[in-house]
Amino acid sequence: MSESKEILVTGGTGFIGSHTVVALFEQGYTPVILDNCSNSTPSIVKQISLITGKECTFYLGDMRDKAFLKSVFEKHSFEGVIHFAAFKAVAESVEKPLYYYDNNLTSLINLLGCLEEFQVNKIVFSSSCTVYGVENSLKPLNEEMPVGKPNSPYGWTKWMAEQMLIDIAGKTDLRPVFLRYFNPIGAHVSGKLGELPLGPPNNVLPYITQTAAGLRKELTIFGKDYDTPDGTCVRDYIHVMDVAKAHVKSLSYSFDSTFEVFNLGTGKGTSVLELVQLFEKVTGKPLNYQFGPRRSGDVDALFADVSKAKKFLNWNTERTIEDAILDAWKWEQYRLENEIS
Ligand code: NAD
Ligand code: UFG
């Protein structure tokens, strides 16, 4: 039997990283997690084991620490890396730009140094639809569109990271795949793994589930005067396990060009108000909410053209937005009952 391939998953105790670790185990890979738990908790490693029945190697440390990062590479022989580790809150990045540029770009630069030194050529990078910029808002976004001007320092870190990887790929054997996520939501269907924000959630669905669970008084819908049918922002919400599976497919995807880009979404936009109404419908729980002012960094509508990922990665979304809401609600209740925080 061939030996299982080791994959470094940076940010692997985070929301999308932890679900990808489960998907990697399911496909016979050996994921190795590295995370500083600045926005997650080590207890997630136990939840992964509960689901997969496998023990996962976990390194607690910061990617900005070069010596630490190198020590991890010295202990393994990685086939590839999936790089999730980053700060991700759009509004926070507007308030603290240096904090975002330092963490997101220094981490990547240190990682690229290790990839070169240890001759690892495969990297799947967590990018974002924010790289398309405000000028492309309101139409389905496809990978042929030029990247635009992101609306926040967070978005610029993704834009700059892509450019850095493209430049390096042009001069070396590095073969990056950029996955531009739209809005991953949901949880593992078991309800034993999900999004675990530290403090008040920035993202909308965890805010909704925490409000329904009584942890928050009410949801504030940021803005009702956007250029959308009901005035609230439109986003393309996609189940996190569908996102996770695309990462596994990207690892074995072979291509002739120096880099590849895929959108990960469903192709369908849903407004914040529609999301709230769907939550009430599928869970039967009424939700306290009010309207508030716009949040800085937000744009009217973002939704994907996903034909490229379907065609080349042979990937399809298998779960609906209703599945994602139900799974997230299941997880919210499970984590409260089991005091996971
Ligand atoms: P997350 O915050 O849950 O996970 C990121 C993980 O990275 C966290 O566990 C955090 O502790 C870790 N981390 C951050 N900086 C680190 C550092 N310097 N060293 C080690 N670990 C560090 O976020 P997520 O939602 O799972 O997002 C994963 C990636 O996907 C991020 O790069 C994010 O920008 C990107 N992304 C997310 C979304 C989304 O809606 N969730 C959308 C587009 C892109
Ligand atoms: N929203 C609210 N109330 C809240 C939280 C969010 O109304 O309490 C609204 C936002 O204003 C926005 C929508 O819900 O209109 C979605 O907001 P999220 O914070 O859940 O998601 P974003 O679209 O702002 O950002 C997410 C990730 C980014 C990523 C981006 C890509 O957090 O990392 O998707 O679109 F880049």
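Quick look at the structure, then. Along each chain, residue indices are assigned from 1 in the same order as the chain's sequence is written. Just so you know, chain letters begin at A and ligand numbers begin at 1, following the order they were written in. In view of the model being predicted, local features appear only for residues whose pLDDT reaches at least 70, and side-chain atom pairs are presented and counted only at 80 or more, with totals across whole chains, interfaces and linings using the full set of residues. As a rule here, side-chain values come from all non-hydrogen atoms in the structure, and water together with hydrogens is ignored.

Here we take up the overall build of the chain. Think of it this way: any DSSP run of H or I at least four residues long counts as a helix, any run of E at least two long counts as a strand, and we number them from the N terminus. A tally of regular secondary structure across the chain gives 11 helices and 13 strands. Principal axes of the C-alpha set define a box for the chain whose edges measure 55 × 45 × 40 Å. Throughout this description, buried means an accessible area under 20% of the type-specific maximum (1.4 Å probe, protein chains only), exposed means over 50%, and partly exposed covers the range between. Burial status across the chain gives 55% buried among its 341 residues. Sequence separation of 24 or more characterises 80% of the internal contacts of the chain that already satisfy a separation of 6 or more. Areas reported as accessible are Shrake-Rupley estimates using a 1.4 Å probe. Residue values count occlusion only from the protein chains shown. A total accessible area of about 14700 Å² is found for the chain, and carbon and sulfur atoms account for 50% of it. Note on contacts: a residue pair is in contact if any heavy atoms of the two residues lie within 4.5 Å.

This part is about the site of ligand 2. Neighbouring residues of ligand 2: 22 residues in total, closest Ser 128, Val 204, Thr 220, Arg 295 and Asp 298. Side-chain atoms alone can form a polar contact between residues adjacent in sequence; in general such a contact is a pair of N or O atoms within 3.5 Å, and within protein one must be able to donate a hydrogen while the other accepts it. Between ligand 2 and Tyr 154, the relevant distance is 2.9 Å, taken from an oxygen atom to a side-chain nitrogen or oxygen of the residue. Out of a free accessible area of 680 Å², ligand 2 has 94% covered by protein chains. Elements represented by at least two residues in the shell around ligand 2 include exactly helix H7 (204-212) and strand S8 (219-222). Per-element accounting of the shell around ligand 2 gives the leading share, four residues, to S8. Any residue that is not Ala, Val, Leu, Ile, Met, Phe, Trp, Tyr, Cys, Pro, Asp, Glu, Lys or Arg is counted as polar, Gly included; the first ten are nonpolar and the last four charged. Split into classes, the residues belonging to the shell around ligand 2 amount to 12 nonpolar, six polar and four charged. The rule for a residue being near a molecule or strand is that one of its heavy atoms must lie within 4 Å of it.

Overall, parallel pairing links the seven strands, which are arranged S3-S2-S1-S4-S5-S6-S11 in an open sheet. The two strands at the open ends of the sheet, each matched to only one other strand, are strand S3 (57-60) and strand S11 (260-264). On average, adjacent strands in this sheet sit at an angle of 20 degrees to one another, irrespective of strand direction. In this structure, strand S2 (residues 30-35) lies alongside S3, joined through four bridges in parallel fashion. Bridging from a neighbouring strand, Asp 35 pairs with Leu 60 of S3. One bridge is not enough; two strands pair if DSSP finds at least two bridges between them. Every axis corresponds to a line fitted to the C-alpha atoms, with the helix fit spanning only the stretch in contact, and the corresponding angles, defined between N-to-C directions, vary from 0 to 180 degrees.

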